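# Breakdown of the fold
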Amino acid sequence: MGILEDKANARLFYRYFSRVYDTINPYIWDDRMRNQALEWFDADRDDRVLDVGAGTGFATEGLLNHVDEVYALDQSRGQFEQAFTKFGKRGKVRFHMGDAERLPFKDDSFDKLWSSGSIEYWPNPVAALREFRRVVKPGGTVLVVGPDYPKLRVFQTLADAIMLFYDAEEAEEMFTEAGFEETRHFIQQRHRGAPRAITTVATVPEEAESSDTDAGSAVESGSAEPVDR
Ligand SMILES: C[S@@+](CC[C@H](N)C(=O)[O-])C[C@H]1O[C@@H](n2cnc3c(N)ncnc32)[C@H](O)[C@@H]1O
């Protein structure tokens, strides 16, 4: 397990990295890649969308070109501080501090769920994917962007020491284990030689399991921790 696949380490990392995130991010994950993924996501204006690991809001900003409002969840306050400067604390983005592996939302709360560049930090990605299946309505879409496993042995060793990198086969295994049946995997790359992203678009099965929580109209569950609300 890589050093950043530990929630405390990832939080510490982003306390500092958040200050330069928006400067460095476009070299790896840029507007064109995000917009391509948004096409696959295919959101309707009134869809209720959750962005997990929303960070400074790079993807959230893209999502807001397609939907009226976005629920954003992250475990790093430093990252959210940057996002507040873009969207304000209360507006079209509803911020929630929380953990991808234990989402503070009721079953079937969302039409669609997006998560870009966050899965590589989760110690138990399958647990998070199960949570995604739980909070998204049957028939809804889950889109996850992560880092593709490098081809060269020397990069593989380095990648494994830092965080989760995975290929389409492993993505398929994780999504299947989490209960998804319909998945598509795409490789995205800024330019030749740049790091590759693997983007999975999955559909929540119609007969998704539901827990005994009430799936009423309110989105937040009792354990929700909205940011400064
Ligand atoms: C590379 S940034 C991605 C930000 C944004 N989604 C984007 O597309 O630019 C990864 C984000 O995942 C968040 N993160 C890492 N582990 C998390 C977890 N277990 N639960 C929630 N957020 C997490 C980090 O705090 C960070 O903001």
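Report on the accompanying structure.

So, how was this worked out
- Residues numbered from 1 in each chain as written.
- Predicted model: local features only at pLDDT ≥ 70, side-chain atom pairs only at ≥ 80, totals over all residues.
- Helix = DSSP H or I, 4+ residues; strand = E, 2+ residues; numbered from the N terminus.
- Rg over C-alpha atoms; globule rule 2.2 N^0.38 Å.
- Buried ≥ 20, exposed ≤ 12 C-beta atoms within 10 Å, placed from the backbone.
- Near = placed C-beta within 6 Å.
- Nonpolar A, V, L, I, M, F, W, Y, C, P; charged D, E, K, R; others polar.
- Core = buried A, V, L, I, M, F, W, Y, C linked by C-beta atoms within 7 Å.
- Contact = placed C-beta atoms within 7 Å.
- Arc of directions from axis to C-beta.
- Pairing = 2+ DSSP bridges.
- Axes fitted to C-alpha atoms, helices over the stretch in contact; angles between N-to-C directions.
- Parallel < 35°, antiparallel > 145°, perpendicular 65-115°, else oblique.
- Left-handed = near helix turned anticlockwise from the far one by under 90°.

### Regarding the overall build of the protein
A count of helical and extended segments in the protein gives eight helices and seven strands. Since a compact globule built from 229 residues should have a radius of gyration of about 17 Å, the 16 Å found for the protein is in line with a globular shape. Overall size of the protein, expressed as C-alpha extent along the three principal axes, is 50 × 40 × 30 Å. For the protein, the residues scored as buried account for 36% of the 229 residues in total.

### Digging into the environment of Ala127
Checked against the element boundaries, Ala127 lands in helix H6 (residues 125-135). Overall, Ala127 belongs to the partly exposed group, with 14 C-beta atoms counted inside 10 Å. Sequence separation of Ala127 and Met174 is 47 residues, and the distance between their C-alpha atoms is 9.4 Å.

### Observations regarding the site of the ligand
What surrounds the ligand is a group of 22 residues, the closest being Gly53, Gly55, Ser76, Gly117 and Ser118. Secondary-structure elements contributing two or more residues to the shell around the ligand are helix H1 (7-17) and helix H4 (58-63). Looking at which element gives the most residues to the shell around the ligand, the answer is H1, with three residues. Class assignment for the residues of the shell around the ligand results in nine nonpolar, nine polar and four charged.

### Focus on the environment of Met163
Considering the arrangement of structural elements, one finds Met163 in the loop between helix H7 (153-162) and helix H8 (168-177). Distance in space between the C-alpha atoms of Met163 and Ser76 is 17 Å, their sequence separation being 87 residues.

### As for the nonpolar core
Nonpolar side chains in soluble globular proteins tend to end up buried together. Counting residues in each nonpolar core, the largest one holds 52 residues, and the members touching the most others are Leu50, Ala72, Leu113, Val135 and Val142. Broken down by element, the residue count for this core peaks at five residues, all from strand S5 (residues 136-147). If near-sequence neighbours (up to four positions away) are discounted, Ala72 is found in contact with Asp51, Ala54, Gly57, Thr60, Ala83, Val93, Arg94, Phe95 and His96.

### Quick look at H8
Of all the positions in H8, only Ala171, Met174 and Phe175 are classed as buried. All buried residues of H8 fall inside an arc of 95 degrees around its axis, so they share one side. What points out from H8, more than 90 degrees from its buried face, is the exposed set Glu169 and Glu177. Count one or two residues on from H8 and you reach Gly179, which has phi positive near 100 degrees.

### Describing the sheet that holds strand S3 (residues 93-97)
Sheet architecture is open: seven strands sit in the order S3-S2-S1-S4-S5-S7-S6, paired in mixed fashion. Both edges of this open sheet fall to S3 and strand S6 (182-189), since each of them pairs with a single strand only. Strand-to-strand twist of the sheet, defined as the mean angle between neighbouring strand axes without regard to direction, takes the value 15 degrees. Two elements, S5 and strand S7 (residues 196-203), share seven bridges in a ladder whose sense is antiparallel. Note on S7: the bridge partner recorded for Val142 is Ala202.

### Section: the packing of H6 against H8
Look at H6 against H8: their axes get within 8 Å of each other, and the N-to-C directions meet at 55 degrees. Taken together, the axes of H6 and H8 are oblique relative to one another. For H6 against H8, the interelement crossing comes out right-handed. Contact residues: Pro125, Val126 and Leu129 in H6; Met174, Phe175 and Glu177 in H8. Across the contact of H6 with H8, the residue classes break down as five nonpolar, no polar and one charged.

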